[in-house]
Each structure stands twice: as C-alpha cells, then as structure tokens.
Amino acid sequence: MASKAVVCEIVNSISILVKEELKTILINMCKNRKKRRFWVRQWILRRNQLGASNTLLKELALEDKEGYRNHLRMSEEKFNELLFRVQDRIKKTDTVMRQALSPKLKLQVTLRYLSTGDSFSTLASIYRVPKNTISNFLLEVCTAIYDVLNEFIKVSIIFYS
C-alpha cells in the first residue's frame, strides 16, 4: 500500500497536469473565436458628411422647394412642424459606444418610406442608416406620428361579408 505522502504527490501532479491542459484548451478556444471585423461599417460612419439628410435635403430645401416636397411628400415647414411635435417621443440618448440617431433623421427616413415604399436597402443607401436600425425605429416613429396627429386622423373600419 502506498504511503499518504506518495498519494498526495500523485494527486498534486495530476492537478497540475489538469490545470495546464485546461489552460491550453481555453487559450485555443480564445484563438479560434471569430473576431468581429468592425463595430460600424465605414460608409455608415460618413452619414453626417454624405447622407441624404445632410446633403440632398439641405440642398433641396435651399434650391428646390418642390424637389424637397416631392422627396418627403411635404414642405419643409410642415416637416419642421411635425418634427417639433414628435421629437421628444422618438429621441434617444447618446451612449459611450455611439451617438443616437437624431429625431430629424428618423422622421426623414420614415416619411420617405411611407411616401414611396422604398425598400430598407434603398433607404439604408440613401440615408446611410443600416437596414436593421431602420426596422427598429420605423414602428416607433409611426406610432409617435399617430399619437401627435390623432385629432387629425380618421380611421374607418370596413367589414366585408
């Protein structure tokens, strides 16, 4: 029969081997983990310089009122009035990680979607806002519009039999 000291020595040796093996496994798992390629795509980061909100719509507002109206299906004055009414309901706070989308941009994207039925891909390209982000705020903005314009909206339900 082995002495107590020998058994303790064997247990210590086994525990050291197990620890080293676990350490190796964890290091390999971390190496094999798929790394995120980027946090935000570069073309989206240029939204403030090249997106339609800060380029096309500003130009249209200054030079071509009818073009502005055609793009959003309302005049700049009506847009600003609607923005004033809904902005508190659709505004989000900035975080340490990123800036929140402005209420103005959210409303422009939503109105363009409602007026033309453009696909999310097209809206993403024009306004430089990811498709999944558009799908996240679209219902929120529509609900805010309905809430603030409720007195002007009449909904009729027609039943067909």
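Quick caveat: nothing in here was measured; it's all calculated off a predicted structure.

Criteria and thresholds
Residues numbered from 1 in each chain as written. Predicted model: local features only at pLDDT ≥ 70, side-chain atom pairs only at ≥ 80, totals over all residues. Heavy atoms only, no water. Domains from an automatic or database assignment. Helix = DSSP H or I, 4+ residues; strand = E, 2+ residues; numbered from the N terminus. Buried < 20%, exposed > 50% of the residue type's maximum accessible area, 1.4 Å probe, protein only. Salt bridge = Lys/Arg side-chain N within 4 Å of Asp/Glu carboxyl O. Expected span 1.5 Å × (residues − 1). Contact = heavy atoms within 4.5 Å.

*Asks:* What should I look at first to understand the domain arrangement of the chain in this one?
*Replies:* How big an interface is tends to be reported as the loss of accessible area on association of its parts. Each assigned domain of the chain is listed here: domain 1 (1-32) and domain 2 (42-150). One C-alpha centre belongs to domain 1, the other to domain 2; they are set 60 Å apart.

*Asks:* What's the story with the side chain of Thr110 in this structure? I'm lost.
*Replies:* Structurally, Thr110 is set in helix 7 (residues 103-116). Taking relative accessible area as the criterion, Thr110 reaches 0% and is therefore assigned buried.

*Asks:* I'm lost on the pattern of salt bridges in this one. Help?
*Replies:* Oppositely charged side chains can form a pair if their charged atoms are brought close together. Taken as a whole, this structure holds 6 salt bridges when the rule is applied. We note a salt bridge from Lys65 to Glu76, for which the minimum N-O separation is 3.7 Å. Of this pair, Lys65 sits in helix 5 (residues 65-72) while Glu76 sits in helix 6 (residues 76-90); the two residues are 11 residues apart in sequence, bridging distant segments of the chain. Residue Lys92 pairs with Glu140 through a salt bridge whose shortest N-O separation is 3.3 Å. Of this pair, Lys92 sits in the loop between helix 6 and helix 7 while Glu140 is found in helix 9 (residues 131-148), placing the two residues 48 residues apart along the sequence. According to the relative accessible area criterion, Glu140 is partly exposed, its value standing at 24%. A single salt-bridge network, built from bridges that share partners, covers Lys92, Lys106 and Glu140.

*Asks:* Is there a simple way to explain helix 7 in this structure?
*Replies:* For an α-helix, 3.6 residues make a turn, and residues three or four places apart therefore share a direction. Taking 1.5 Å of rise per residue, 14 residues should cover 20 Å, and helix 7 covers 20 Å from first to last C-alpha, within 8% of that figure. Of all the residues in helix 7, the buried ones are Pro103, Leu105, Lys106, Leu107, Gln108, Val109, Thr110, Leu111 and Arg112. Contacts made by the buried residues of helix 7 are with helix 3 (47-50), helix 4 (56-63), helix 5, helix 6, helix 8 (120-127) and helix 9. Looking one or two residues beyond helix 7, the residue adopting positive phi is Gly117, at roughly 75°.

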